[in-house]
Amino acid sequence: MKKKKIVIALGHHALGTTLPEQKIATMKTAKAIAGFIKDDYQVLITHGNGPQVGMIHMAMAEFCRIYPEYTATPMSVCSAMSQGYIGYDLQNAIRAELLSRGIYKSVATVLTQVVVDPYDDAFYHPTKIIGRVMDETEAEAEEKKGNYVAKVEGGYRRIVAAPKPIDIVEIESIRTLLDADQVVIACGGGGIPVLQQENNLRGASAVIEKDLAAAKLASLVNADTFVILTGVEKACLHYGTPQEKPLDELSVAQARQYLEDGQFEAGSMEPKIQAALDFIGNSAIRRTIITKLDNDSLDLSDVKGTLIHK
């Protein structure tokens, strides 16, 4: 019997922020993931990298400030570093949890590049704030390099584009590993954004919305179920108001209407709902579950979250 494929997108709460937090968080997350592997799913995992890539970018920028003779580290390289750093902790935590249950299965992290469109409107309207707070002189120096900056409390910070994912370069490797029944970690932090230039790939000064990249990944491997783990148990209407209404189940049409009505917060629940719609498309089989990781296991037959389907 053909195994079902499940893509699990881990949010910030499943990973922590600091080095010690990440070690603890990945061990808890591994317990939930191991439940799916025990239930004989093909499991593909993706994750965010917000705090981690910010820390790396800030550290590398500070290093170059102190030692100007060194070349500055591009955003794409910082993204690659974060994929390796998070994947290292996550794959080791999952491996240890599986072995403790008597399950012998390889876990692999794939350094993943995601192709973006150089003419994506996001490059003309960057929105993602990264890096340390700079003074006015440093901000002007950044702008002279062709980078964008935004005024924030205490000074200025760099902002980068968040283009839409077009394709995943390593998708065949990911499919091969899944078909070999390995647990795969891919597209960490939305993937390393790259631009296709003839036979070459060039890193883009951008970050990709992790939920949209996860939806693209789930579509390309033809997953049955896409699980988005976040900090809240369910998507809600009128979130944060006295009229707040948790949503147990949504059709694609309902989700699209609520999205158009502005019911979901930009940069928070909005990209998750959009990712669900991108993944499901016109399929009568695919489903997306938005839920919270608040225990050591996830049971899809009795999940406490928002189920979205056609």
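Criteria and thresholds
- Residues numbered from 1 in each chain as written.
- Predicted model: local features only at pLDDT ≥ 70, side-chain atom pairs only at ≥ 80, totals over all residues.
- Heavy atoms only, no water.
- Axes fitted to C-alpha atoms, helices over the stretch in contact; angles between N-to-C directions.
- Helix = DSSP H or I, 4+ residues; strand = E, 2+ residues; numbered from the N terminus.
- Parallel < 35°, antiparallel > 145°, perpendicular 65-115°, else oblique.
- Left-handed = near helix turned anticlockwise from the far one by under 90°.
- Contact = heavy atoms within 4.5 Å.
- Nonpolar A, V, L, I, M, F, W, Y, C, P; charged D, E, K, R; others polar.
- Buried < 20%, exposed > 50% of the residue type's maximum accessible area, 1.4 Å probe, protein only.
- Pairing = 2+ DSSP bridges.
- Core = buried A, V, L, I, M, F, W, Y, C linked by side-chain atoms within 4.5 Å.
- Phe/Tyr/Trp six-rings, centres within 6.5 Å; stacked < 30°, edge-to-face > 60°.
- Patch = residues over 30% accessible without salt bridge, like charges linked within 9 Å, V, L, I, M, F, W, Y side chains within 5 Å.
- Areas by Shrake-Rupley, 256 points an atom, 1.4 Å probe, with all protein chains shown as cover.
- Salt bridge = Lys/Arg side-chain N within 4 Å of Asp/Glu carboxyl O.

Asker: How do you make sense of the packing of helix α2 (residues 50–66) against helix α3 (residues 75–100) when you look at a structure like this?
Answerer: Describing two packed helices takes the angle between their axes plus the distance from one axis to the other. At a minimum axis separation of 9 Å, α2 and α3 run at an interaxial angle of 125 degrees. Classified by the interaxial angle, the pair formed by α2 and α3 is oblique. Taken as a pair, α2 and α3 cross one another with a handedness that is right-handed. Packed against α2, whose contacting residues are Gln 52, Val 53, Met 55, Ile 56, His 57 and Met 60, the element α3 presents Met 75, Cys 78, Ser 79, Met 81, Ser 82, Tyr 85 and Ile 86 at the interface. A class-by-class count of the residues in the contact of α2 with α3 yields 9 nonpolar, 4 polar and no charged.

Asker: What's the story with the pairing of strand β2 (residues 42–47) in this structure? I'm lost.
Answerer: Each regular strand displays side chains that alternate between the two surfaces of the sheet. Most of β2 is tucked away, with 6 of its 6 residues classed as buried. Side chains Gln 42, Leu 44 and Thr 46 of β2 all project onto a buried face; the interleaved residues Val 43, Ile 45 and His 47 project onto the opposite face, where all are buried too. By the bridge criterion, 6 bridges tie strand β1 (residues 5–10) to β2 in an arrangement that is parallel. Residue Lys 5 lies in a different strand from β2, and its bridge partner there is Gln 42. Judged from the 2 bridges that link them, β2 and strand β9 (residues 183–185) form a sheet pairing that is parallel. Note that in β9 the partner of Leu 44 across the bridge is Val 184.

Asker: Before we go on, may I ask you to explain the sheet that holds strand β6 (residues 148–152) in this structure?
Answerer: Whether parallel or antiparallel, the strands of a sheet pair through hydrogen bonds between backbone atoms. Spatially, the 3 strands line up as an open sheet ordered β5-β7-β6, and their pairing is antiparallel. In this open sheet, the two edge strands, each paired with only one partner strand, are β5 (128–134) and β6. Ignoring strand direction, the axes of neighbouring strands in this sheet form an average angle of 35 degrees. Relative to strand β7 (residues 155–160), β6 is paired through 5 bridges, and the arrangement is antiparallel. Bridged to Val 152 within β7 is Gly 155. The strands touched by helix α4 (residues 136–144) within the sheet are β5, β6 and β7, with β5 carrying the most contacts at an inclination of about 135 degrees.

Asker: Please clarify how the sheet that holds β1 should be interpreted in this entry.
Answerer: The 8 strands are arranged β3-β9-β2-β1-β12-β16-β17-β15 in an open sheet whose pairing can be described as mixed. Either end of the sheet is taken by a strand with one partner, and the two such strands are β3 (107–109) and β15 (249–251). Neighbouring strand axes in the sheet, compared pairwise and without regard to direction, differ in orientation by 20 degrees on average. In this sheet, β9 lies alongside β3 in parallel orientation, the contact comprising 3 bridges. Along β9, the bridge assignment pairs Thr 109 with Ile 185.

Asker: Got a minute to help me understand the nonpolar core in this structure?
Answerer: Nonpolar side chains tend toward joint burial in soluble globular proteins. Core analysis: the biggest nonpolar cluster contains 47 residues, and Leu 44, Ile 174, Phe 226 and Ile 273 have the highest contact counts within it. If near-sequence neighbours (up to four positions away) are discounted, Ile 174 is found in contact with Leu 44, Val 110, Thr 112, Ile 168, Val 184, Ala 186, Leu 217 and Val 221. Met 75, Ile 130, Val 160 and Val 207 belong to the second largest nonpolar core, which has 34 residues in total.

Asker: I would appreciate a short explanation of the packing of aromatic side chains in the present structure.
Answerer: One pair of aromatic rings is described through two measures. These are the centre distance and the angle between the planes. The final tally for this structure, using the stated rule, is 5 aromatic pairs. Aromatic pair Tyr 67 and Tyr 70: ring centres 6.3 Å apart, planes at 80 degrees, arrangement edge-to-face. Look at Tyr 258 and Phe 264: their rings are 6.5 Å apart centre to centre, the planes differ by 85 degrees, and that puts the pair in the edge-to-face class. For Tyr 258, a relative accessible area of 22% translates into the label partly exposed.

Asker: Would you take a moment to explain a nonpolar patch on the surface for this structure?
Answerer: Together, Phe 63, Ile 66, Tyr 67 and Tyr 70 make up an exposed nonpolar region whose accessible area comes to about 400 Å². Mapped onto the elements of the fold, Tyr 70 is located in the loop between α2 and α3. A residue is classified by how much of its surface remains accessible, and Tyr 70, at 48% relative accessible area, is partly exposed.

Asker: Would you mind going over the pairing of strand β4 (residues 113–116) with me for this structure?
Answerer: When β4 meets strand β10 (residues 192–197), the two strands line up parallel, connected through 3 bridges. In the sheet register, Val 114 faces β10, and the bridge partner there is Pro 193. As paired elements, β4 and strand β8 (residues 165–168) share 3 bridges and run antiparallel to each other. Note that in β8 the partner of Val 114 across the bridge is Ile 168.

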